[in-house]
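# Descriptive analysis of the structure
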Amino acid sequence: AYERTGAQIRGLLKKNIAIHHELAEQRLPPKQKRTEISYGSTLCAKASIPAPWCLIVHDISYPSAPRALAAAAPAQLSGLPLIWSVALYDKNTAAESDVAALLHPHLLAAWELGGIENVALIEKKAFLSRLRNFISSAEGDTGEGPGRALLLGAPDFRDELHLILNDERRALVREEGVPPRILLTGNITEANQSILSALHPDAGFEFLSGEGKAKDAAANEVYDAVFYPAGENARADTPGAPLCLDYEHSGCWFWPQLSAAFFLNHAISLNAKA
């Protein structure tokens, strides 16, 4: 999969990882952080530690390496000790001997480049059964607070996963949702268009060029991301887009509402000062 991805795509994914590290100031948080704040006669202490584990769960057909890295990087940069990527398949629709070939090579290359060392491929019903047993067992309570689960895409098992992980004392869940709607603006080259289509093969792409009514129409639409030529700013035309990237960063992606802070567990104590 690493070789099939090709040097160009691998280079773009490496840039994606580097940008995440730069924005996190290229450092991991402390293993434990404790803050004390005094208000009048009350002393408040807050301790924060990384969650004990994180599952990144997706359907076997999930294709987007940049969006997968946007989920994994904040988990890594929070200092989580254990991260698993788990791809699920349905034994009724795929022969067991053929399922590994269904994994997108870009995704596997992203895990290799990003340092996600625990990667599993497992039948859907078997995984959900094991996860249910784990969450309800003593093993699922590490004493370090809830784990985390990130669901990539919107697979058919999303409701069942939420039912299993419905106890926030054991796990907190975030869901990416349906494939993004992406607006491409300006004079996009055929090469840039080809790269973005390869990186987000499931996304819905729309194009915007010219002035006047076309831009007015785009401003009234809601997009998940906007790409635009370097040196320009697309936000004025698409104020509803949470992610705006120029074509120089076409291999990058961010989950704007997901940061390293999501992966920290907190404990608070209040004491009356003597």
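Going by the structure above, here's the rest.
Remember, it's a predicted structure, so these values are computed and weren't measured experimentally. (Residues numbered from 1 in each chain as written. Predicted model: local features only at pLDDT ≥ 70, side-chain atom pairs only at ≥ 80, totals over all residues. Heavy atoms only, no water.)

## Observations concerning the nonpolar core
In terms of nonpolar packing, the biggest core is built from 20 residues, with C54, I56, I83, W111, L150, L152 and F263 touching the most fellow members. Of all elements in the fold, only β3 (54–59), α3 (65–77) and α4 (105–114) reach the threshold of two or more residues within this core. Per element, the largest residue contribution to this core is 4 residues, and it comes from α3. For I83, the residues in contact, after removing those within four places along its chain, are C54, I56, A75, Q76, I116 and N118. Formed by 17 residues, the second largest nonpolar core is a distinct cluster that contains L55, L131, F157 and A171. (Core = buried A, V, L, I, M, F, W, Y, C linked by side-chain atoms within 4.5 Å. Buried < 20%, exposed > 50% of the residue type's maximum accessible area, 1.4 Å probe, protein only. Helix = DSSP H or I, 4+ residues; strand = E, 2+ residues; numbered from the N terminus. Contact = heavy atoms within 4.5 Å.)

## Observations concerning the side chain of E123
By secondary structure assignment, the location of E123 is in strand β5 (residues 118–123). Nearest to the buried, unbridged E123 among oppositely charged side chains is K91, at 5.3 Å. Among the polar contacts listed, one links the side chain of E123 to the backbone nitrogen of A126, at a separation of 3.0 Å. (Lys, Arg positive; Asp, Glu negative; His and termini not counted. Salt bridge = Lys/Arg side-chain N within 4 Å of Asp/Glu carboxyl O. Polar contact = N/O pair within 3.5 Å; in protein donor to acceptor, adjacent residues only side chain to side chain.)

## A closer look at the sheet that holds strand β1 (residues 33–39)
In spatial order, the strands read β1-β2-β12; together these 3 strands make up an open sheet with antiparallel pairing. Each of the sheet's edge strands pairs with one partner strand only, and the pair in question is β1 and β12 (264–272). Neighbouring strand axes in the sheet, compared pairwise and without regard to direction, differ in orientation by 15° on average. As defined by bridge partners, strand β2 (residues 42–50) adjoins β12 across 9 bridges and the pair is classed as antiparallel. Its bridge partner being in β12, K46 is matched across the sheet by I268. (Pairing = 2+ DSSP bridges. Axes fitted to C-alpha atoms, helices over the stretch in contact; angles between N-to-C directions.)

## Some words on the packing of aromatic side chains
Two measures describe an aromatic ring pair: the distance that separates the ring centres and the angle between the ring planes. Across all of its chains, the model carries 3 aromatic pairs by this definition. Taking 5.7 Å as the distance between ring centres and 70° as the angle between the ring planes, the aromatic pair formed by W53 and F134 counts as edge-to-face. Taken together, the residues W53 in the loop between β2 and β3 and F134 in helix α5 (residues 124–136) connect sequence positions 81 residues apart. Measuring from centroid to centroid gives 5.1 Å for F262 and F263, while their planes differ by 80°, and the two rings are edge-to-face. For the pair F262 and F263, one class covers both residues: buried. (Phe/Tyr/Trp six-rings, centres within 6.5 Å; stacked < 30°, edge-to-face > 60°.)

## Considerations on empty space enclosed by the protein
Rolled over the atoms, a probe as big as a water molecule pinpoints where empty space is left. If you walk through the whole model with that rule in mind, you get 1 cavity of 30 Å³ or more. Space inside the largest cavity adds up to approximately 30 Å³. Lining the largest cavity we find H58, S85, A87, L103, L107, L108, W111, V119 and A120. Listing elements by their share of the lining of the largest cavity, those giving two or more residues are β4 (83–89), α4 and β5. In terms of residues, the lining of the largest cavity owes the most to one element, α4, which gives 3 residues. Broken down by class, the residue content of the lining of the largest cavity amounts to 7 nonpolar, 2 polar and no charged. (1 Å grid on protein atoms, 1.4 Å probe; cavity = no way out; pocket = protein on both sides within 12 Å on 5 of 7 lines; lining within 4 Å. Points joined across faces, edges and corners; volume = space filled by probe spheres on them. Nonpolar A, V, L, I, M, F, W, Y, C, P; charged D, E, K, R; others polar.)

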